[in-house]
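Each chain, written out:
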Amino acid sequence: MASFSLLITKAAFDQQDAYSAYRFAVSALKLQHGIQGVFFYQAGVHNSNAFQTGHSDELNLHQKWVTLAKTHDIPLLVCVTAANRRGIINQQDALDLDIKHFNLSAPFTEVGLGELVELLNTSDRVLQF
Amino acid sequence: MKASRHSSIALVNKTAPYGQANGQESLDLALAAGSFGQDIRLYFIEDGVFQLLAKQSPACIDAKNFSKTFAALTFYDIEHIYVCRDSLKARSLEPKNLCIEVEVLSKNELQQHLSQHQHILSF
């Protein structure tokens, strides 16, 4: 059994990369491997945007990540700087900045890049998608 | 296989600055990893070599000149910065055109260096 972490640097929907990462996580878990955490960086932060409301017959990757995280207790870590640059903001930051709405909430959490460094140190493999 | 506590990390930079945010966000990660005491090494290949050009003036396109930060890498104990010789040559560039001192490597040398890292992240 290996411990994996995933680094997602591509947006949901526009490219397949993030979905491939999700499929990898599901398969690895099925084979009894561990997923230490999923880190969202660069355009990957768009995966954490709760305002994804596509057609009902299309994949909602945000929802898939939420279900996966809750089922398997996997941390979904979002780089706060990369997220804020791209209009992804949690409730506290929205309040502080006097912005009406927020689109990042649990199980996604805003963290610093140090959390990615920690995953690099504690996982057998970090896969970038 | 158990990951070592202070494993070495390679950051491979492949894209030119400003057209994409890759360079800036790769550098952010390098600084974060450096401040956490990681053994991190930077590689610049293909269009990534343009990130290191001296005398950049991106203010005229309202972009931040993040290349100024390369000179500060040494303060984060990031001492190993490798550049692909072929990539420089293909773009009519020489090490003297770059804003910091780098180690220029052949393709074979790059492959050897990269194969020694526990983790490789690409931007």
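This text goes with the structure placed above it.
Residues numbered from 1 in each chain as written. Chains lettered and ligands numbered in written order. Predicted model: local features only at pLDDT ≥ 70, side-chain atom pairs only at ≥ 80, totals over all residues.

Caption draft 1: Layout of the overall build of chain A. A count of helices and strands for chain A gives five helices and five strands. Going residue by residue from the N terminus, the α and β elements of chain A occur as β-α-β-α-β-α-α-β-α-β. Computed over its C-alpha atoms, the radius of gyration of chain A comes to 14 Å, within 12% of the 14 Å expected for a compact globule of 129 residues. Its C-alpha atoms put chain A at 45 × 35 × 25 Å along the principal axes. Considering chain A as a whole, with its 129 residues, one finds that 40% of them fall into the buried category. (Helix = DSSP H or I, 4+ residues; strand = E, 2+ residues; numbered from the N terminus. Rg over C-alpha atoms; globule rule 2.2 N^0.38 Å. Buried ≥ 20, exposed ≤ 12 C-beta atoms within 10 Å, placed from the backbone.)

Caption draft 2: How the structure looks around the nonpolar core. Formed by 64 residues in total, the largest nonpolar core has its most connected members in A:L6, A:V38, A:F40, A:V45, A:V78, A:C79 and B:L11. Among the elements that make up this core, the one with the highest residue count is helix 1 (residues 22-35) of chain B (five residues). Contact partners of A:C79, with chain neighbours within four places excluded, come to A:F40, A:Y41, A:V45, A:V111 and A:L113. (Core = buried A, V, L, I, M, F, W, Y, C linked by C-beta atoms within 7 Å. Contact = placed C-beta atoms within 7 Å.)

Caption draft 3: Local environment of the pairing of strand 2 (residues 39-44) of chain B. Across the six residues of strand 2 of chain B, five count as buried, placing the element largely inside the fold. Taken together, strand 1 (residues 8-13) of chain B, helix 1 of chain B and strand 2 of chain B form a β-α-β motif whose crossover is right-handed. (Right-handed = clockwise from strand over helix to strand, strands pointing away.)

Caption draft 4: Geometry of the sheet that holds strand 3 (residues 76-79) of chain A. All names here are of chain A. Here we have five strands laid out as an open sheet, ordered 4-3-2-1-5, and parallel in their pairing. Among the strands making up the open sheet, the edge pair consists of strand 4 (108-111) and strand 5 (125-128). On average, each strand axis in the sheet is tilted by 25° relative to the strand beside it, whichever way the strands run. Across four bridges, the pairing between strand 1 (residues 3-8) and strand 5 is parallel. Bridge pairing in strand 5 places L6 opposite L127. Here helix 5 (residues 114-122) sits on the sheet in contact with strand 1, strand 2 (34-40), strand 3, strand 4 and strand 5, set at roughly 150° to strand 2. (Pairing = 2+ DSSP bridges. Axes fitted to C-alpha atoms, helices over the stretch in contact; angles between N-to-C directions.)

Caption draft 5: Geometry of the environment of A:D124. All names here are of chain A. Relative to the helices and strands, D124 is located in the loop between helix 5 and strand 5. Looking at D124, the number of C-beta atoms within 10 Å reads 16, which means it is partly exposed. Residues D124 and A50 lie 74 residues apart in sequence; the distance between their C-alpha atoms is 30 Å.

Caption draft 6: Summary view of the interface of chain A and chain B. Each side of the interface is counted separately: chain A has 16 residues, and chain B has 16 residues. For the side of chain A that touches chain B, the secondary structure elements donating two or more residues are helix 3 (80-85), helix 5 and strand 5 of chain A. Broken down by element, the side of chain A that touches chain B gets its largest block of residues, five residues, from helix 5 of chain A. Each residue belonging to the side of chain A that touches chain B can be placed in one class, and the counts come to seven nonpolar, eight polar and one charged. (Nonpolar A, V, L, I, M, F, W, Y, C, P; charged D, E, K, R; others polar.)

Caption draft 7: Region of interest: the sheet that holds strand 5 (residues 119-122) of chain B. Residue and element names in this part refer to chain B. The five strands lie next to each other as 4-3-2-1-5, forming an open sheet whose pairing is parallel. Pairing within the sheet leaves two strands with one partner each, and these edge strands are strand 4 (103-105) and strand 5. Strand-to-strand twist of the sheet, defined as the mean angle between neighbouring strand axes without regard to direction, takes the value 25°. Relative to strand 4, strand 3 (residues 81-84) runs parallel, the two sharing three bridges. Within strand 4, the position partnered with C84 by the bridge is L105.

Caption draft 8: Main features of the pairing of strand 3 of chain B. Residue and element names in this part refer to chain B. Here strand 3 shows two buried faces, one formed by I81 and V83 and the other by Y82 and C84. Judged from the three bridges that link them, strand 2 and strand 3 form a sheet pairing that is parallel. What sits directly across from Y43, in strand 3, is Y82. In this fold, the crossover linking strand 3 to strand 4 by way of helix 2 (residues 85-90) has right-handed handedness.

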